[in-house]
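So you can see what is in the structure, the chains are spelled out below.
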Amino acid sequence: SVVLYNAIDTQKFLPTKDILDQPLVLLATGSHQQPQRVMSVLEALHQLIANGQAVRLILAGRLNWPDAQMHVQVVIKNLGLSEYVDITGAYTREEAPELYRRAHILVHTKYKDPCPTVVIEAMACGLPIIGSASGGMPELVGEEAGILLPVPETWDNIPVPDAEAIVTAVREIESDLSHWQMQARARAVEKFDIQSWLEHHRELFSSLSGYSYQDVS
């Protein structure tokens with residue numbers, strides 16, 4: 001048996017140089033099932049801005065808990081973040097590469113996420129990752145493509161890294177952003193490119209069947 005992670009087309013998910021000199025943009029995306037994931041990122045943004053950081057947040061994907069839209073808008077207003085947060089909602093797979101290319105860092109704090117494709121796509125676009133050190137995240141991100149923050153091992157609740165830890169990670173990555181970006185892109189190409197995924201399947205099917213599969217694409 002072999003472990004084959006989710007794969008992506010790294011020639012479609014590509015970095016851009018257009019935003020390198022712009023103020024820092026954080027991205028939080030995916031299907032947001034738990035409010036604490038979003039709230040911790042908003043609180044981190046608030047702390048960064050309060051400390052004089054030039055930073056914005058793109059909040060993308062579905063807000064998928066009861067009264068989520070109203071909840072998020074109230075928190076944004078109470079924290080004084082209305083001019084610093086772009087809420088884009090759901091997006092198509094075709095729109096995904098451009099979404100990633102609008103940001104510098106992906107913040108993905110979902111607890112025990114097994115193999116999130118959003119993380120691999122972001123890395124391929126040159127976004128280092130700030131996330132939860134749980135689930136499949138350590139295997140995907142490694143030590144070179146981002147900073148994973150410790151969370152308790154529990155089945156009683158859904159812990160996420162707190163805002164202070166996210167702020168510290170943002171500052172560490174920003175201090176050497178271009179290096180982290182190159183590392184994220186390199187890891188995505190090495191580990192998760194679709195052509196390597198297809199080749200692994202070709203080899204596996206050939207070994208099991210005794211037939212040489214020349215093309216499974």
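Reference entry: report on the structure contained in this document.

Calculation criteria
Residues numbered from 1 in each chain as written. Predicted model: local features only at pLDDT ≥ 70, side-chain atom pairs only at ≥ 80, totals over all residues. Heavy atoms only, no water. Buried < 20%, exposed > 50% of the residue type's maximum accessible area, 1.4 Å probe, protein only. Helix = DSSP H or I, 4+ residues; strand = E, 2+ residues; numbered from the N terminus. Pairing = 2+ DSSP bridges. Phe/Tyr/Trp six-rings, centres within 6.5 Å; stacked < 30°, edge-to-face > 60°. Contact = heavy atoms within 4.5 Å.

## Regarding the pairing of strand 6 (residues 146-149)
Then step 1. Taking every second residue as pointing to the same face, both faces of strand 6 are buried, with G146 and L148 on one and I147 and L149 on the other.
Then step 2. Judged from the four bridges that link them, strand 5 (residues 129-132) and strand 6 form a sheet pairing that is parallel. If you follow I130 over to strand 6, its bridge partner there is I147.

## Topic: the packing of aromatic side chains
Then step 1. Applying the stated criterion to the full structure yields two aromatic pairs.
Then step 2. Centroid distance Y5 to F192: 5.9 Å. Interplanar angle 80 degrees. Geometry classified as edge-to-face. Here Y5 is found in the segment before strand 1 (24-28), whereas its partner F192 is found in helix 7 (residues 177-192), with 187 residues between them in sequence.
Then step 3. We classify Y5 as partly exposed; its relative accessible area is 28%.

## Describing the side chain of T10
Then step 1. When you line up the elements, T10 lands in the segment before strand 1.
Then step 2. Those residues in contact with T10 that lie beyond four places of it in its chain are A124, R185, A188, V189 and D193.

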